[in-house]
Each structure stands twice: as structure tokens, then as C-alpha cells.
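Secondary and tertiary structure notes
What follows is each chain in one-letter form.
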Amino acid sequence: MEKKISVDYSFTFPFITEEQFDAYKDEALKAMETLENGVGAGNDFIGWRNLPTEMLKSDEFKEILEVGNEIYTKGDLLICVGIGGSYLGTKAVTEALLHPFHNALPKSKTGGPKILFAGQNISGSWLKAIIDEIEATDSVYVNNISKSGTTTEPSIAFRYIKNVMEKKYGKVEAAKRIIATTDAKKGALRKLATNEGYRTFIIPDDVGGRFSVLTPVGILPIAASGIDVKKLLQGAEYASQYTTEKDFAKNPALVYAAVRNLLLKNKYHTEILVNYEPCLHYLSEWWKQLYGESEGKDGKGIFPASVDFTTDLHSMGQWIQDGQRFIFEIVLNIEKPLNDLTVVSDPDDLDGLEFLAGKSYDEINKNAQQGTLIAHYEGKVPNMKINMPELNEFYLGQLLYVFEKACGISGYLLGVNPFDQPGVEAYKKNMFALLNKPGYEEQKATLDEKMKTLPSGKVTE
């Protein structure tokens, strides 16, 4: 029998009580049933629930594997153009499972292309570095990922990249090397792909960006990296089965959603995701978007933050230990690491650490984790631990799905629509008005008036 992701919430007591937890179970089950039955707010964006099974059975998945293998074998560089959910899922999975210095190693060592990301910012310096890589590399592929094709950051990045690719290869060959992942029928990128003859893959209408890692958005570039996407999807499919359990002892998504909302009710409004493996840094970034964009609305929501331990114990550790008490932590525990070493002996023992000689780095890391958990718990910081049996495609697929399912349940417990993001549009309207976009003249006039009343003049010389 396959092992499952588990949640240990022992260290959230006495910050919540057994009575509170028991009394909250019915409400949590009701939220889960709302999600499962598709009767809650945003129910037109819950296609991700059955996505792993549907993707594994689809003809599109076979095509993804074929194109992914083409890029893996023939490509020296893959540029993924996208922002938010179009970028973070792929980055999270590839950083977690590839060699930490994948892009610095020759293809003879990695087997696959370098993977770089563009369109996740508006930095000309970053884009110039991407262009330098394209011009210096023999075989380049580009995956442009956007539902609409009009999102500012990736769209203006792709304009430049497309131009460079066509100068490098000519329009016909460039079109063979550019793949568009976009809407099935509409949008600027769909029209461009049709006009230029790009190969395309579809972003499902019923899956929002931050839930899209297991759609072609993430599956194609992850496959192109050489990671086994079938096992990733199989792990997510397995999690999709056990996260429907009504027994709290068997459903980590249900427990996680319930406990974090109980902690919020008890005035713990900031959650810190903790990892002890550097390769999980971007998993934390993906998680922050998933929960921040899903729950931060209507004046509600748990603020998602993250730290990389033990590194950040030497920067944020003091604050977490002794600062204001409105935080709780969730620790990612990898029971079996990808690789391990043992500490070598040094008879001179000038650093006083000879007692560690012969111990594995993982053993030391695990003891640092346990020691920190105890210290923070005694410092009145509630802690949960998510246990992964090992770091591989199957268990990472489980973890992604458990977080997604818990996010939907948690949003309904919180009383918000976890599948929209209305607040994201506010900055865009202001930015477009300030840049004099046609159609934003009224917004520009309003902003000009506001600027006269906004605070100013408090600037150092």
C-alpha cells in the first residue's frame, strides 16, 4: 500500500483545545462537502479536483509527453514565459527535483535543457540576461504561458523574445520552437498562435492560474526537464482519493484546513511555511500565492509567509522565538532526503564539532528541526508538521494536491470565495492609467486629482 502525506498537529495544543477542535469538525466537514458538491462560491473554477485522473487518461497528455521529450532531447535551453500560477508551479517542482545547480551543469550531465523563466517581472535587466542566454545557446525552445495573452509582464517579455527568436532562426523555424499554452478558443495568445502556426496546449476554463500546476501549464515544461510527470500526476491522483475522507484521522487536507482556521479564530493570523531543504524554497513561493490569492479578500485571511531553515534561523529565528505572538508555523518534514553525506572527522577539532563526525547531515538537520520545533513551541508558537515519506515525484504530487484541496476547504471555512482574485486588478488599473493606456483617460484624471491630496514632501535631502 502506498504511503500518504500526513499532518501532525500535536504542537498546536494548547493554543487550540480538544473541545474547540471537536466542536469545529462539523463546520469543517460542511466546508469540504460544499467543495466536493460544487455548490460554493467560485464553483466554476474547481476543475482541478479531478484533474490528475482526467489528465492521465487524456490524449493531450500523450502529446505533452511527446513535445516534452522533444525539448528534453533536442533543446539546450527552455524559456518559460509566464507569471503567477503560469510560472510558480513549474519553478516549485523543477527546483525541488532537479539538481540544485541544474542550469550550471552541461547537458551531458543533466540530459536535458537549462530552464529559465521570463515574464515574471518588468525588469529590463532580467530580460536582457534572458536574451543573452538565447543568443549564446544553439537550440532554444520557448513556452509562452498565458490564458489571455494580455497580461502585462509576460506579454511585453514575449514581444522581445519572439523578435530575438525570429532573428536567430527565421520565422518558420522560430514558430516550430515556440509553444503556446493558452485558452482553447479565445484571447490574444490563441490568435497569435493560430496566425504564427505555434503548437498549442490548453489551459482549462475551469482551473484558475494558481491551481494550474497539474494542467499543461506546468506539466509540459516539467516534462521537458526530464522529471517523470506521470508519477507526479499519479501522486496527485492518490491524494485526490484520500482527501475526500470524512474521517479526520485519514484526511490531512481536512485537518490542515480546520486547524489553521481554528488558530486564526484564536488570534494567530500569520502562517509561516518552514522547510529544511533549500530545494523547497520555490514550493513555499507557490504555496504563498495559492493561499494569499485565495484567502486574502473581504478584509479576511491568514497572511502566508515562509522561511528556509536552518539558514533563516540566523536571521528570522530571533523574531520567531521572541517576537509578537500572532504567528504559527507549518514545517515540511522530508523523511528521506534526495541525497545525504556524513560529517568527516578532523582530529584537531578546532571547531569543537568532532562529536558530529560520522553522523549524517540528515540526522543533524532532523535534530535541528526537532530542537527548533520544541523551542518555538515553548516560545508560544503553535506548530504543525507535514510529513513526506521522501522527496520524489509521487509524494510531491500528493503534497501539491493536499495543499490545493485544503485551500478550497479553508477558503469556505473563512467565508470567502477561494477561487477569485478581485484585488489583483486594482494596481493594474492605476498602472495602465499612469502609462496612458487608451480607454483609461477617466482613471488617469481621477489619479491626477488623487495625487494632489496624497502625502508628499517627506523626503530626505
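Now for a description of the structure that goes with this document. (Residues numbered from 1 in each chain as written. Predicted model: local features only at pLDDT ≥ 70, side-chain atom pairs only at ≥ 80, totals over all residues. Heavy atoms only, no water.)

1. Points about the sheet that holds strand S5 (residues 178-182)
Spatial ordering of the open sheet is given by S3-S2-S4-S5-S6, a layout of five strands whose pairing is parallel. The open sheet has two edge strands with one neighbour each: strand S3 (114-118) and strand S6 (199-202). Between one strand axis and the next, the sheet turns by 20° as a mean value, whatever way the strands run. Pairing geometry for strand S2 (residues 77-81) and S3, over five bridges, is parallel. From the neighbouring strand, leucine 77 faces S3, where its bridge partner is lysine 114. Its contacts with the sheet place helix H7 (residues 152-169) against S2, S3, strand S4 (140-145) and S5, and it is angled at close to 155° to S4. (Pairing = 2+ DSSP bridges. Helix = DSSP H or I, 4+ residues; strand = E, 2+ residues; numbered from the N terminus. Axes fitted to C-alpha atoms, helices over the stretch in contact; angles between N-to-C directions. Contact = heavy atoms within 4.5 Å.)

2. A short note on the nonpolar core
Counting 93 residues, the largest nonpolar core has Val93, Leu214, Tyr256, Leu283, Trp286, Leu399 and Phe403 as the members making the most contacts within it. For this core, the leading source of residues is helix H16 (residues 393-414), giving 13 residues. Not counting chain neighbours up to four residues away, the residues in contact with tyrosine 256 comprise Val7, Glu271, Trp287, Tyr291, Ile330, Met384, Phe403 and Ala406. (Core = buried A, V, L, I, M, F, W, Y, C linked by side-chain atoms within 4.5 Å. Buried < 20%, exposed > 50% of the residue type's maximum accessible area, 1.4 Å probe, protein only.)

3. Observations concerning the sheet that holds strand S10 (residues 383-388)
Pairing is mixed in the open sheet, where five strands are placed in the order S1-S10-S9-S7-S8. What marks the edges here is a single partner per strand, and that holds for strand S1 (6-8) and strand S8 (303-308). For this sheet, the mean inter-axis angle between neighbouring strands, taken without regard to orientation, is 25°. Note: strand S7 (residues 270-275) against S8, six bridges, orientation parallel. Each bridged residue has a counterpart across the sheet, and for valine 274 the counterpart in S8 is valine 307.

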